Amino acid sequence: MELVVGVDMATAAVRIVAIDGHGCAHAQATGDLPAPTSPRPGWREQDAGAWWPTVATVLRQLTQELGARARSIRALSVSSTSGTVAALGAGMQPLGPALTYADQRGVAQAQAAAEADAQRWAGLGLRIQPSFGLVKWAWLMGRPEIAERTVRLAHASDVVVGRLIGELPPSDYSHALKSGFDPLRMEWAAGALEKLGIPQELLPPIAAPASVAGTLCAQACESTGLPPGCEVRLGMTDACAAQLAAGAGEPGRFVSVIGSTLVLKGVSTELIKDPSGAVYSHRHPDGWWLPGGASSAGAGALTHGFADANLARLDELADARGPATVVTYPLVATGERFPFVEPDAVSFTVGTPADEVERYRAILEGVAFVERLGYERLAALGAEAKGSISSAGGGSASAVWTRIRASVLGKPIVQKPGASTARGAAILAAAGSLHPDLASATQAMSVDGTEVAPEPAEQDALERNFQRLSASLVDHGWLGAG
């Protein structure tokens, strides 16, 4: 049976899975990446030199687990975090640390890019932010010691794809959306690049996700145990890949990814434009659009606030407690990107929690309220979620949290914790190799799930809490009234 491999380059770890054309996983492996550092306030860097060695090691673990079956691997694809970029020098070696998606140093560059190509960004419904790869590349090009040695500006996925095929790679228009590539006109934003001092010759050529970047080079075969002739197909950003894994592949279908942050992604027939920039749209390889947004709220508020706690036990206690008497907007750091854009937003709680259980319950509810606000924002722009919501990411494994979210949204949520970015990357690898196109690969290989219905007994209290939090957001000036 032929297999494909999906590689997820998350911020904290590399996760890899081997899947057949029916969606059955045959092996998986994982490895930790160095934690990002903050040498200055607002900076968030990671050792880009660790990316390829970690991926190669984890791929070797995977092929060793497969044994002789590793020879049946037809293709692999790599997905990574949107907005994490690096500059590459001779031999495709990173020139210093990568700037991660959370890095905020490029405020001035973001403003310059926004002004230089304002009409283009308006046409795309895109608001340039300091988190964008374009802004970070501009900052890197402003450092002479880096600019003079750079041969390619790259996304995190590009770094690994290049080492897999043994040459400077193309990139895909999913990872490149926030790096200045216009997926509507299929061109780089020349005005912004010129204003920021980014030479176009340093940028990768762009192709569609799932298209062939090349075949595995001899050195990569030796390092990973993958077979000669294995295709390397272009990926998509992590949230887009997770969306594929969850099966949200038709207009009107949406998925909530509950990871460290909350990401909502769906499919629409038309390009969705949001003047505020909270919602942005990737391009689907089959011609549709993938509108969504990424909040700074999410499960990170739990791991940050309850680092040493037994979260499963807290789930049980929070379930027994019922709706909280306080409301929380659960941010870990400063700034919010979706469902509204507010760089100065910080976490707050209205009321005083009675104990740790209530504080925990309020965070569960708070993320659910952010999720609802996100779907309301999408619907107001013309991208309404139809039917049940698929739920991926680690947070979707919690039945208690999922039921709270379903009650807040007023519609069923289908738990799909197996809808990982790695699986989505494997689906991209299968499009054109094991299956004729991405739509058929998604239909055959996405995961099934468990439907969780709203809890009627809690909906009235949760609705009051939602309205209470919404009113507080209006009072803060972060959310428009009405």
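Quick note: structure is the one above.
Residue numbers restart at each chain and count upward from 1, following the sequence in its written direction. Totals for whole chains, interfaces and linings use all residues, but because this is a predicted model, local features are given only for residues with pLDDT of at least 70 and pairs of side-chain atoms are given and counted only at 80 or more. Excluding hydrogens and water, the side-chain figures rest on all heavy atoms present in the structure.

**With respect to helix α1 (residues 51–66)**
Move 1: A rise of 1.5 Å per residue sets the reference length of α1, with its 16 residues, at 22 Å; its end C-alpha atoms lie 23 Å apart and thus fit the reference within 8%.
Move 2: Each residue's exposure class comes from its accessible area (1.4 Å probe, protein chains only) as a fraction of the maximum for that residue type: buried when under 20%, exposed when over 50%, partly exposed otherwise. Secondary structure counts use DSSP, requiring at least four H or I residues in a row for a helix and at least two E residues in a row for a strand, with both numbered from the N terminus. Those residues of α1 lying buried are W51, W52, T54, V55, A56, V58, L59, L62, T63 and L66.
Move 3: Count one or two residues on from α1 and you reach G67, which has phi positive near 65 degrees. Every helix has an expected span of 1.5 Å times one less than the residues it contains.

**Points about the sheet that holds strand β13 (residues 212–215)**
Sheet strands line up and pair through hydrogen bonds in the backbone, either parallel or antiparallel.
Move 1: On the basis of which strands lie adjacent, the open sheet formed by six strands has the order β3-β2-β1-β5-β14-β13 and mixed pairing. Only two strands of the sheet have a single partner each, and these edge strands are β3 (25–32) and β13. Sheet twist, expressed as the average angle between the axes of neighbouring strands with direction ignored, equals 20 degrees.
Move 2: Contacting β1 (3–9), β2 (13–20), β3, β5 (73–80) and β14 (231–233), helix α14 (residues 421–430) runs over the sheet at an angle of about 135 degrees to β1. By definition, two strands form a pair when at least two bridges between them are found by DSSP. Angles shown run from 0 to 180 degrees and are taken between the N-to-C directions of axes, each axis being a line fitted to C-alpha atoms and, for helices, limited to the stretch in contact. Every residue pair with non-hydrogen atoms within 4.5 Å of one another is taken to be in contact.

**Quick look at the side chain of E365**
Move 1: Relative to the helices and strands, E365 resides in helix α12 (residues 356–380).
Move 2: Judged by relative accessible area, which is 1%, E365 ranks as buried.
Move 3: If we ignore the near neighbours within four places in the chain, the residues touching E365 are G322, P323, A324, I404, L462 and N465.

**Topic: the pairing of strand β6 (residues 85–88)**
Each regular strand shows side chains that alternate between the opposite faces of the sheet.
Move 1: Here β6 shows two buried faces, one formed by V85 and A87 and the other by A86 and L88.
Move 2: Here four bridges tie β6 to strand β8 (residues 152–155), and the two strands are oriented antiparallel to one another. Looking across to β8, one finds that L88 is bridged to R152.

**Quick notes on the packing of α1 against helix α6 (residues 156–165)**
Move 1: At a minimum axis distance of 9 Å, the contact between α1 and α6 shows a crossing angle of 60 degrees. In terms of orientation, α1 lies oblique with respect to α6. Judged by the twist between their axes, the crossing of α1 over α6 is right-handed. For the pair α1 and α6, the contacting residues are W51, W52, V55 and L59 in the first and A156, V159, V160, R163 and L164 in the second. For classification purposes, angles smaller than 35 degrees are called roughly parallel, those larger than 145 roughly antiparallel, those between 65 and 115 roughly perpendicular, and all remaining angles oblique. Crossing handedness is read from the near helix: turned anticlockwise from the far helix by less than a right angle, it gives a left-handed crossing, and turned clockwise, a right-handed one.

**With respect to the packing of aromatic side chains**
Move 1: Each pair of aromatic rings taken from Phe, Tyr and Trp, with Trp reduced to its six-membered ring, is defined by centres within 6.5 Å and is described as stacked if the planes are under 30 degrees apart, edge-to-face if over 60, and tilted in the remaining cases. Taken as a whole and assessed by the stated rule, the structure comprises 10 aromatic pairs.
Move 2: Connected via pairs of aromatic rings, a cluster forms that spans Y329, F340, F348 and W478.
Move 3: As a reminder, the over-ring test applies to NZ of lysine and CZ of arginine, requiring each to be within 6 Å of the ring centre and within 35 degrees of the ring normal. Sitting over the ring of W43, R105 keeps its end group 3.6 Å from the ring centre.
Move 4: Note that R372 overlies the ring of F466, its terminal NZ or CZ placed 3.8 Å from the centroid.

**Some words on the nonpolar core**
Move 1: Buried Ala, Val, Leu, Ile, Met, Phe, Trp, Tyr and Cys residues form a nonpolar core when they are joined through side-chain atoms within 4.5 Å. Judged by nonpolar contacts, the single largest core of 48 residues is most densely connected at Y329, Y375, L378 and L473.
Move 2: Of all the secondary-structure elements, those providing two or more residues to this core are β15 (254–258), β16 (262–266), α10 (300–305), α11 (311–321), β19 (327–329), α12, α13 (399–409) and α16 (456–476).
Move 3: Top element by residues in this core is α12. It accounts for 11 residues.
Move 4: Those residues in contact with Y329 that lie beyond four places of it in its chain are S295, E336, F338, P339, F340, S347, F348, V370, L469 and L473.

**What about the pattern of salt bridges?**
Move 1: The term salt bridge refers to a side-chain nitrogen of Lys or Arg lying within 4 Å of a carboxyl oxygen of Asp or Glu. Scanning all chains against the criterion turns up 20 salt bridges.
Move 2: For the salt bridge of R15 with D8, the shortest nitrogen-to-oxygen distance reads 3.5 Å.
Move 3: With relative accessibility at 39%, the residue R15 sits in the partly exposed group.
Move 4: Taking relative accessible area as the criterion, D8 reaches 7% and is therefore assigned buried.
Move 5: E187 is the partner of R120 in a salt bridge, and the nearest nitrogen-oxygen pair spans 3.0 Å. Pair noted here: R120 is in helix α3 (residues 118–124) and E187 is in strand β11 (residues 187–188), with a separation of 67 residues, a long-range link.
Move 6: We classify R120 as buried; its relative accessible area is 12%.
Move 7: Under the relative-accessibility criterion, E187 is labelled partly exposed at 34%.
Move 8: Each of D117, R120, D182, R185 and E187 takes part in one network of salt bridges that share partners.

Treat this as a map of the structure, not an account of what it does.
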